[in-house]
Amino acid sequence: MSTRQGSDSTTSARGFEGISQPLPATRADAEFLSSRSAPGTLPGTMRNGFPLVELHRHLDGNVRLETVLDLGRSRGVDLPADDLESLRPYVQIMDREPDLVAFLQKFAVLRQVMTDYDAVRRIARENVEDAAAERIDYLELRFSPWFMAEAHGLDPKGVVEAVCDGVDEALSTDAERARVAAGLPPRARLIGIISRNFGTDIGWIELEAALAGKDRGVVALDLAGDEANYPGSLFVDHFEQARDAGLRTIAHAGEADGADSVRQAVLGLKAERIGHGIRAIEDPAAMALLAEREIPLEICPTSNIHTSAVPTLSDHPLRALLDHGIRATINTDDPSISGIDLAHEYRIAHEEMGLSDQDLQACQKTALDTAFLTPTERQALLTQTT
Ligand SMILES: [Zn+2]
(Lines give C-alpha, C1' and ligand atoms only; values in the text may rest on other atoms or scores of the structure.)
Protein backbone atom coordinates (compact mmCIF):
# COMPACT_ATOMS: atom_id res chain seq x y z
CA MET A 1 0.00 0.00 0.00
CA SER A 2 1.06 3.45 0.05
CA THR A 3 0.36 6.67 1.57
CA ARG A 4 -2.46 6.75 0.15
CA GLN A 5 -3.29 8.94 2.82
CA GLY A 6 -6.08 11.07 3.11
CA SER A 7 -9.33 12.30 1.86
CA ASP A 8 -9.80 14.61 -1.00
CA SER A 9 -10.65 17.78 0.77
CA THR A 10 -12.47 19.18 -2.21
CA THR A 11 -14.37 16.20 -3.52
CA SER A 12 -15.26 14.95 -0.06
CA ALA A 13 -15.45 11.41 1.11
CA ARG A 14 -13.46 8.94 -0.88
CA GLY A 15 -13.85 6.70 2.10
CA PHE A 16 -11.21 8.17 4.34
CA GLU A 17 -13.16 10.18 6.83
CA GLY A 18 -15.48 7.47 7.99
CA ILE A 19 -14.50 4.56 10.15
CA SER A 20 -15.80 1.46 8.49
CA GLN A 21 -17.26 -1.36 10.48
CA PRO A 22 -14.81 -4.26 10.23
CA LEU A 23 -16.00 -7.23 8.24
CA PRO A 24 -15.74 -10.79 9.48
CA ALA A 25 -12.82 -12.66 7.95
CA THR A 26 -13.63 -15.26 5.34
CA ARG A 27 -12.23 -18.76 5.49
CA ALA A 28 -9.63 -17.95 2.86
CA ASP A 29 -8.55 -14.90 4.79
CA ALA A 30 -8.31 -16.88 8.00
CA GLU A 31 -6.02 -19.31 6.17
CA PHE A 32 -3.90 -16.44 4.90
CA LEU A 33 -3.65 -14.86 8.30
CA SER A 34 -2.85 -18.14 10.03
CA SER A 35 -0.15 -18.85 7.47
CA ARG A 36 1.84 -15.85 8.60
CA SER A 37 5.10 -16.75 10.21
CA ALA A 38 5.82 -15.45 13.65
CA PRO A 39 7.10 -11.90 13.30
CA GLY A 40 10.57 -11.04 14.38
CA THR A 41 12.59 -13.93 12.99
CA LEU A 42 14.61 -13.47 9.85
CA PRO A 43 15.14 -16.41 7.52
CA GLY A 44 18.25 -18.27 8.67
CA THR A 45 20.28 -17.33 5.63
CA MET A 46 19.85 -13.65 6.43
CA ARG A 47 21.84 -13.81 9.64
CA ASN A 48 24.80 -13.03 7.46
CA GLY A 49 26.23 -9.87 8.95
CA PHE A 50 24.76 -7.84 6.11
CA PRO A 51 22.91 -4.65 7.12
CA LEU A 52 19.14 -4.78 7.31
CA VAL A 53 17.74 -1.76 5.49
CA GLU A 54 14.11 -0.80 4.97
CA LEU A 55 13.24 1.82 2.37
CA HIS A 56 9.43 1.85 2.33
CA ARG A 57 7.59 2.34 5.63
CA HIS A 58 4.91 4.93 6.39
CA LEU A 59 5.20 6.35 9.88
CA ASP A 60 1.60 7.52 9.70
CA GLY A 61 0.61 3.91 8.91
CA ASN A 62 2.56 2.55 11.83
CA VAL A 63 1.18 3.62 15.19
CA ARG A 64 1.31 1.21 18.13
CA LEU A 65 -2.18 0.07 19.11
CA GLU A 66 -1.36 0.92 22.72
CA THR A 67 -0.43 4.42 21.63
CA VAL A 68 -3.68 4.85 19.73
CA LEU A 69 -5.58 3.97 22.90
CA ASP A 70 -3.39 6.07 25.14
CA LEU A 71 -3.54 9.16 22.93
CA GLY A 72 -7.26 8.68 22.46
CA ARG A 73 -7.88 8.54 26.20
CA SER A 74 -5.59 11.42 27.10
CA ARG A 75 -6.98 13.65 24.34
CA GLY A 76 -10.61 12.75 24.80
CA VAL A 77 -10.88 11.30 21.30
CA ASP A 78 -13.99 9.22 20.71
CA LEU A 79 -12.42 5.98 19.49
CA PRO A 80 -14.55 3.11 18.13
CA ALA A 81 -13.30 0.79 20.90
CA ASP A 82 -11.65 1.19 24.29
CA ASP A 83 -9.48 -1.90 24.62
CA LEU A 84 -6.73 -3.33 22.43
CA GLU A 85 -8.48 -6.36 21.01
CA SER A 86 -11.70 -4.49 20.31
CA LEU A 87 -9.76 -1.70 18.64
CA ARG A 88 -7.60 -4.00 16.51
CA PRO A 89 -10.11 -4.63 13.68
CA TYR A 90 -10.55 -0.89 13.20
CA VAL A 91 -6.87 -0.21 12.63
CA GLN A 92 -5.50 -3.51 11.39
CA ILE A 93 -6.35 -5.48 8.29
CA MET A 94 -8.39 -8.50 9.39
CA ASP A 95 -9.63 -9.23 5.92
CA ARG A 96 -8.45 -8.39 2.45
CA GLU A 97 -9.68 -5.00 1.34
CA PRO A 98 -11.21 -4.77 -2.12
CA ASP A 99 -8.82 -2.07 -3.29
CA LEU A 100 -6.30 0.54 -2.25
CA VAL A 101 -8.88 3.19 -1.38
CA ALA A 102 -10.70 0.81 0.97
CA PHE A 103 -7.37 -0.10 2.55
CA LEU A 104 -6.78 3.57 3.28
CA GLN A 105 -9.79 3.66 5.55
CA LYS A 106 -7.65 2.00 8.20
CA PHE A 107 -5.76 5.25 8.49
CA ALA A 108 -8.86 7.05 9.75
CA VAL A 109 -8.50 6.02 13.39
CA LEU A 110 -4.77 6.64 13.38
CA ARG A 111 -5.38 10.12 12.11
CA GLN A 112 -7.97 10.79 14.80
CA VAL A 113 -5.30 10.58 17.49
CA MET A 114 -2.89 12.95 15.71
CA THR A 115 -4.47 15.75 17.66
CA ASP A 116 -1.42 17.91 18.38
CA TYR A 117 2.33 18.16 17.83
CA ASP A 118 3.16 16.15 20.97
CA ALA A 119 1.14 13.24 19.62
CA VAL A 120 2.94 13.49 16.26
CA ARG A 121 6.31 13.63 18.00
CA ARG A 122 5.51 10.52 20.03
CA ILE A 123 4.39 8.57 16.98
CA ALA A 124 7.61 9.46 15.13
CA ARG A 125 9.80 8.59 18.11
CA GLU A 126 8.13 5.22 18.59
CA ASN A 127 8.57 4.41 14.90
CA VAL A 128 12.34 4.73 15.23
CA GLU A 129 12.40 2.86 18.55
CA ASP A 130 10.41 0.01 17.02
CA ALA A 131 12.73 -0.15 14.01
CA ALA A 132 15.69 -0.45 16.37
CA ALA A 133 13.88 -3.22 18.25
CA GLU A 134 13.45 -5.00 14.90
CA ARG A 135 17.22 -4.68 14.44
CA ILE A 136 16.82 -2.56 11.35
CA ASP A 137 20.17 -0.89 10.76
CA TYR A 138 18.87 1.91 8.56
CA LEU A 139 15.33 3.01 7.75
CA GLU A 140 13.77 5.61 5.49
CA LEU A 141 10.44 6.63 7.04
CA ARG A 142 7.89 8.46 4.94
CA PHE A 143 4.87 10.55 5.84
CA SER A 144 2.38 12.98 4.34
CA PRO A 145 2.44 16.28 6.27
CA TRP A 146 -0.99 17.40 5.06
CA PHE A 147 -2.59 14.06 5.85
CA MET A 148 -1.27 14.21 9.40
CA ALA A 149 -2.15 17.87 9.84
CA GLU A 150 -5.58 18.04 8.29
CA ALA A 151 -7.78 16.18 10.78
CA HIS A 152 -7.03 18.54 13.65
CA GLY A 153 -6.09 21.69 11.81
CA LEU A 154 -2.35 21.48 12.43
CA ASP A 155 0.22 23.32 10.32
CA PRO A 156 1.93 20.91 7.87
CA LYS A 157 5.30 22.55 8.57
CA GLY A 158 4.63 22.11 12.29
CA VAL A 159 3.95 18.43 11.64
CA VAL A 160 7.29 18.10 9.85
CA GLU A 161 9.03 19.82 12.76
CA ALA A 162 7.31 17.52 15.27
CA VAL A 163 8.25 14.42 13.24
CA CYS A 164 11.87 15.60 13.09
CA ASP A 165 11.79 16.25 16.85
CA GLY A 166 10.44 12.75 17.51
CA VAL A 167 13.12 11.13 15.35
CA ASP A 168 15.78 13.24 17.09
CA GLU A 169 14.50 12.10 20.48
CA ALA A 170 14.78 8.46 19.47
CA LEU A 171 18.29 9.06 18.14
CA SER A 172 19.46 10.83 21.29
CA THR A 173 20.22 7.75 23.36
CA ASP A 174 23.83 6.87 24.16
CA ALA A 175 23.61 3.80 21.93
CA GLU A 176 22.34 5.74 18.93
CA ARG A 177 24.89 8.52 19.40
CA ALA A 178 27.66 5.93 19.59
CA ARG A 179 26.61 4.51 16.22
CA VAL A 180 26.86 7.90 14.55
CA ALA A 181 30.16 8.65 16.31
CA ALA A 182 31.48 5.45 14.75
CA GLY A 183 30.62 6.71 11.27
CA LEU A 184 27.28 4.99 10.78
CA PRO A 185 24.33 6.99 9.43
CA PRO A 186 21.53 7.88 11.84
CA ARG A 187 19.21 4.88 12.10
CA ALA A 188 16.40 6.77 10.36
CA ARG A 189 15.94 9.44 7.73
CA LEU A 190 12.71 10.89 6.41
CA ILE A 191 10.79 11.16 3.16
CA GLY A 192 8.04 13.73 2.64
CA ILE A 193 4.99 12.61 0.72
CA ILE A 194 2.67 14.41 -1.63
CA SER A 195 -0.70 12.64 -1.33
CA ARG A 196 -2.14 12.69 -4.83
CA ASN A 197 -5.77 12.80 -3.79
CA PHE A 198 -5.47 16.16 -2.06
CA GLY A 199 -4.79 17.70 -5.46
CA THR A 200 -1.99 19.74 -6.91
CA ASP A 201 -2.41 22.87 -4.77
CA ILE A 202 -2.06 20.92 -1.54
CA GLY A 203 0.82 19.15 -3.24
CA TRP A 204 2.76 22.42 -3.25
CA ILE A 205 2.04 22.85 0.47
CA GLU A 206 3.29 19.32 1.15
CA LEU A 207 6.43 19.97 -0.86
CA GLU A 208 7.07 23.22 1.00
CA ALA A 209 6.60 21.42 4.32
CA ALA A 210 9.00 18.66 3.28
CA LEU A 211 11.60 21.22 2.25
CA ALA A 212 11.27 22.86 5.67
CA GLY A 213 12.67 19.62 7.11
CA LYS A 214 15.50 19.28 4.62
CA ASP A 215 18.18 20.25 7.12
CA ARG A 216 16.70 17.94 9.74
CA GLY A 217 16.69 14.60 7.95
CA VAL A 218 14.08 14.89 5.18
CA VAL A 219 16.01 13.61 2.18
CA ALA A 220 13.42 12.82 -0.47
CA LEU A 221 9.98 13.46 -1.93
CA ASP A 222 7.49 10.68 -2.66
CA LEU A 223 4.10 10.61 -4.39
CA ALA A 224 1.39 8.40 -2.91
CA GLY A 225 -2.37 8.15 -2.52
CA ASP A 226 -5.08 7.41 -5.03
CA GLU A 227 -2.98 6.43 -8.02
CA ALA A 228 -5.87 5.36 -10.22
CA ASN A 229 -7.61 8.75 -10.13
CA TYR A 230 -4.71 11.18 -9.74
CA PRO A 231 -2.00 10.41 -12.30
CA GLY A 232 1.61 11.30 -11.76
CA SER A 233 1.48 13.67 -14.73
CA LEU A 234 -0.28 16.19 -12.44
CA PHE A 235 2.82 16.44 -10.27
CA VAL A 236 5.71 16.77 -12.72
CA ASP A 237 6.39 20.39 -11.73
CA HIS A 238 6.38 19.50 -8.02
CA PHE A 239 9.01 16.86 -8.63
CA GLU A 240 11.16 19.13 -10.74
CA GLN A 241 11.13 21.78 -8.05
CA ALA A 242 11.94 19.19 -5.37
CA ARG A 243 14.98 18.05 -7.34
CA ASP A 244 16.09 21.63 -7.90
CA ALA A 245 15.90 22.12 -4.12
CA GLY A 246 18.09 19.09 -3.50
CA LEU A 247 15.61 16.35 -2.62
CA ARG A 248 15.84 12.83 -4.02
CA THR A 249 12.64 11.49 -5.61
CA ILE A 250 10.49 8.37 -5.36
CA ALA A 251 6.95 7.62 -6.53
CA HIS A 252 4.36 5.01 -5.72
CA ALA A 253 3.32 3.60 -9.11
CA GLY A 254 2.09 0.38 -10.60
CA GLU A 255 0.14 -0.54 -7.48
CA ALA A 256 -3.46 0.56 -8.15
CA ASP A 257 -2.74 1.60 -11.74
CA GLY A 258 -0.94 -0.18 -14.54
CA ALA A 259 2.39 -0.22 -16.34
CA ASP A 260 1.81 3.20 -17.91
CA SER A 261 1.87 4.70 -14.43
CA VAL A 262 5.25 3.07 -13.81
CA ARG A 263 6.56 4.42 -17.09
CA GLN A 264 5.27 7.90 -16.22
CA ALA A 265 6.96 7.76 -12.81
CA VAL A 266 10.29 6.92 -14.43
CA LEU A 267 10.14 9.16 -17.48
CA GLY A 268 7.85 12.00 -16.29
CA LEU A 269 8.56 12.29 -12.58
CA LYS A 270 12.12 10.97 -12.98
CA ALA A 271 11.68 8.94 -9.81
CA GLU A 272 14.84 7.21 -8.65
CA ARG A 273 12.94 4.39 -6.94
CA ILE A 274 9.41 3.11 -7.44
CA GLY A 275 7.07 2.22 -4.59
CA HIS A 276 5.60 -1.18 -5.52
CA GLY A 277 5.84 -1.02 -9.33
CA ILE A 278 4.48 -4.54 -9.51
CA ARG A 279 2.15 -3.89 -12.43
CA ALA A 280 5.18 -3.31 -14.63
CA ILE A 281 4.80 -7.08 -15.06
CA GLU A 282 1.91 -6.31 -17.44
CA ASP A 283 4.16 -4.72 -20.05
CA PRO A 284 7.54 -6.04 -21.27
CA ALA A 285 8.53 -2.53 -22.37
CA ALA A 286 7.98 -1.15 -18.85
CA MET A 287 10.03 -3.99 -17.39
CA ALA A 288 12.80 -3.35 -19.92
CA LEU A 289 12.79 0.33 -18.94
CA LEU A 290 13.17 -0.51 -15.23
CA ALA A 291 15.91 -3.03 -15.95
CA GLU A 292 17.88 -0.78 -18.31
CA ARG A 293 17.78 2.18 -15.96
CA GLU A 294 18.36 0.02 -12.89
CA ILE A 295 15.37 1.60 -11.13
CA PRO A 296 14.72 -0.41 -7.96
CA LEU A 297 11.24 -1.43 -6.88
CA GLU A 298 10.20 -1.15 -3.25
CA ILE A 299 8.17 -4.34 -2.89
CA CYS A 300 5.73 -4.70 0.05
CA PRO A 301 4.30 -8.22 -0.22
CA THR A 302 1.65 -8.35 2.52
CA SER A 303 0.42 -4.87 1.64
CA ASN A 304 -0.11 -6.01 -1.95
CA ILE A 305 -2.38 -8.79 -0.68
CA HIS A 306 -4.24 -6.47 1.69
CA THR A 307 -5.00 -3.95 -1.05
CA SER A 308 -5.95 -6.76 -3.46
CA ALA A 309 -3.22 -5.61 -5.86
CA VAL A 310 -2.18 -9.28 -5.93
CA PRO A 311 -4.59 -12.17 -5.20
CA THR A 312 -2.21 -14.48 -3.31
CA LEU A 313 1.44 -14.53 -2.33
CA SER A 314 2.13 -17.33 -4.79
CA ASP A 315 0.77 -15.05 -7.54
CA HIS A 316 3.06 -12.18 -6.54
CA PRO A 317 5.17 -11.01 -9.50
CA LEU A 318 8.36 -10.33 -7.53
CA ARG A 319 10.00 -13.58 -8.64
CA ALA A 320 9.21 -12.83 -12.30
CA LEU A 321 10.37 -9.22 -12.01
CA LEU A 322 13.72 -10.38 -10.66
CA ASP A 323 13.95 -12.85 -13.54
CA HIS A 324 13.59 -9.90 -15.91
CA GLY A 325 16.66 -8.30 -14.38
CA ILE A 326 14.77 -5.73 -12.31
CA ARG A 327 16.25 -4.70 -8.98
CA ALA A 328 13.95 -4.99 -5.98
CA THR A 329 13.88 -4.48 -2.24
CA ILE A 330 11.58 -5.95 0.41
CA ASN A 331 9.63 -3.67 2.74
CA THR A 332 6.67 -3.45 5.12
CA ASP A 333 4.68 -0.40 3.95
CA ASP A 334 2.42 -0.05 7.05
CA PRO A 335 3.53 -2.47 9.78
CA SER A 336 0.85 -1.80 12.38
CA ILE A 337 -2.00 -1.70 9.87
CA SER A 338 -0.84 -4.94 8.26
CA GLY A 339 0.21 -6.56 11.56
CA ILE A 340 3.69 -7.45 10.31
CA ASP A 341 7.35 -6.52 10.57
CA LEU A 342 10.24 -6.56 8.11
CA ALA A 343 11.42 -10.03 9.11
CA HIS A 344 7.94 -11.34 8.33
CA GLU A 345 8.09 -9.94 4.81
CA TYR A 346 11.46 -11.59 4.14
CA ARG A 347 10.13 -14.86 5.50
CA ILE A 348 7.07 -14.96 3.29
CA ALA A 349 9.16 -13.94 0.27
CA HIS A 350 11.28 -17.00 0.99
CA GLU A 351 8.57 -19.44 2.01
CA GLU A 352 5.64 -18.43 -0.19
CA MET A 353 6.91 -16.32 -3.09
CA GLY A 354 9.69 -18.53 -4.41
CA LEU A 355 12.68 -16.38 -3.54
CA SER A 356 15.89 -18.29 -2.94
CA ASP A 357 18.48 -17.46 -0.31
CA GLN A 358 20.47 -15.69 -3.00
CA ASP A 359 17.41 -13.67 -4.05
CA LEU A 360 16.84 -12.50 -0.49
CA GLN A 361 20.43 -11.43 -0.17
CA ALA A 362 20.23 -9.62 -3.52
CA CYS A 363 17.18 -7.70 -2.28
CA GLN A 364 18.98 -6.91 0.96
CA LYS A 365 21.98 -5.62 -1.01
CA THR A 366 19.80 -3.57 -3.36
CA ALA A 367 18.21 -1.87 -0.35
CA LEU A 368 21.65 -0.87 0.92
CA ASP A 369 22.85 0.17 -2.54
CA THR A 370 19.81 2.34 -3.32
CA ALA A 371 19.20 3.89 0.11
CA PHE A 372 19.78 7.63 0.26
CA LEU A 373 23.15 7.30 1.98
CA THR A 374 26.56 8.74 1.27
CA PRO A 375 29.19 6.28 0.01
CA THR A 376 30.97 6.59 3.35
CA GLU A 377 27.81 5.77 5.30
CA ARG A 378 27.07 2.83 3.02
CA GLN A 379 30.56 1.46 3.55
CA ALA A 380 30.32 1.94 7.31
CA LEU A 381 27.06 0.00 7.41
CA LEU A 382 28.67 -2.76 5.41
CA THR A 383 31.77 -3.08 7.51
CA GLN A 384 30.28 -2.50 10.96
CA THR A 385 27.18 -4.65 10.81
CA THR A 386 27.56 -7.85 12.76
ZN1 LIG B 1 3.57 2.90 0.50
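The preceding data block contains the structure.
Residues numbered from 1 in each chain as written. Predicted model: local features only at pLDDT ≥ 70, side-chain atom pairs only at ≥ 80, totals over all residues.

### A few points about the overall build of the chain
Using the following cut-off: In this text, helices come from DSSP runs of H or I with a minimum length of four residues, and strands from runs of E with a minimum of two, each type numbered from the N-terminal end. As a rule, residues whose C-beta atom has 12 or fewer other C-beta atoms within 10 Å are exposed, those with 20 or more are buried, and those in between are partly exposed; C-beta atoms are placed from the backbone.
In terms of regular secondary structure, the chain is built from 19 helices and 8 strands. For the chain, the residues scored as buried account for 52% of the 386 residues in total.

### Some points on the pairing of strand β3 (residues 188-195)
For the record, the criterion: Strand pairing requires that DSSP identify at least two bridges connecting the strands. With the strands pointing away from the viewer, any crossover whose connection runs clockwise from the first strand over the helix to the second is right-handed.
With 8 of 8 residues buried, β3 lies mostly within the body of the structure. Alternating residues of β3 divide into Ala188, Leu190, Gly192 and Ile194 and Arg189, Ile191, Ile193 and Ser195, and every residue in both groups is buried. Across 5 bridges, the pairing between strand β2 (residues 138-143) and β3 is parallel. Counterpart to Leu141 in the pairing with β3 is Leu190. As defined by bridge partners, β3 adjoins strand β4 (residues 218-224) across 6 bridges and the pair is classed as parallel. Looking at the pairing, Ile194 lines up with Leu223 of β4. Taken together, β3, helix α10 (residues 200-212) and β4 constitute a β-α-β crossover, and its handedness is right-handed.

### Observations regarding the sheet that holds β4
Note the cut-off: Working convention: axes come from line fits to C-alpha atoms, limited for helices to the stretch in contact. Angles between N-to-C directions cover 0 to 180 degrees. C-beta atoms are placed from the backbone for every residue, and two residues are taken to be in contact when these atoms lie within 7 Å.
Within the open sheet, the 8 strands sit side by side as β1-β2-β3-β4-β5-β6-β7-β8. Their pairing is parallel. Strands with a single pairing partner mark the edges of an open sheet, and in this sheet they are β1 (53-58) and β8 (328-330). Strand-to-strand twist across the sheet, computed as the mean angle between neighbouring axes with direction ignored, equals 25°. Strands β3, β4 and β5 (248-253) of the sheet are contacted by helix α11 (residues 236-244), whose axis makes an angle of about 150° with β5.

### A few points about the environment of His344
Checked against the element boundaries, His344 lands in helix α17 (residues 342-352). The class of His344 is buried, set by 23 C-beta atoms lying within 10 Å. Separated by 303 residues in sequence, His344 and Thr41 place their C-alpha atoms 7.1 Å apart.

### Quick word on the nonpolar core
Filter applied, for reference: Joining buried Ala, Val, Leu, Ile, Met, Phe, Trp, Tyr and Cys residues through C-beta atoms within 7 Å gives a set, and that set is a nonpolar core.
Counting 109 residues, the largest nonpolar core has Val120, Val159, Val163, Ala280 and Leu321 as its most contacted members. Contact partners of Ala280, with chain neighbours within four places excluded, come to Gly254, Ala259, Val262, Ala286, Met287, Leu290 and Leu321.

### Here we look at unusual backbone geometry
Only a minority of non-glycine residues have a phi that is not negative, and only a minority of peptide bonds are not trans. Here the phi dihedral of Lys270 falls at roughly 60°; this positive angle occurs in a residue that is not glycine. Of note, Asp333 is a non-glycine position whose phi angle comes to about 75°, a positive value.

### Observations concerning the pairing of β5
The buried fraction of β5 is high, at 5 of 6 residues. Sheet analysis places β4 next to β5, joined by 2 bridges and oriented parallel. By the bridge assignment for β5, Leu221 is matched with Thr249. Handedness of the crossover joining β4 and β5 through α11 is recorded here as right-handed. A crossover connection joins β5 to the parallel strand β6 (residues 273-276) through helix α12 (residues 259-267); in handedness this β-α-β unit is right-handed.

### What to know about helix α18 (residues 357-370)
We apply this condition: In a helix, the anticipated span is given by 1.5 Å times the number of residues less one.
Over its 14 residues, α18 runs 20 Å from end to end, which matches the ideal 20 Å to within 8%, given 1.5 Å per residue. Buried within α18 are the following residues: Leu360, Cys363, Gln364, Thr366, Ala367, Leu368 and Thr370. Buried-residue contacts for α18 involve β1, β6, β8, α17 and α19 (375-384).

### Points about α11
This is how it is decided: Starting at the helix axis, one direction is taken to each C-beta atom, and the arc is that of these directions.
The complete set of buried residues in α11 reads His238, Phe239 and Ala242. Buried residues of α11, viewed axially, fall in a sector of 95°; they line one side. Opposite its buried face, α11 presents the exposed residues Asp237 and Asp244, each directed more than 90 degrees away. Looking at the buried side of α11, the elements it contacts are β3, α10, β4 and β5. Following α11 by one or two positions, Gly246 adopts a phi angle in the positive range, close to 100°.

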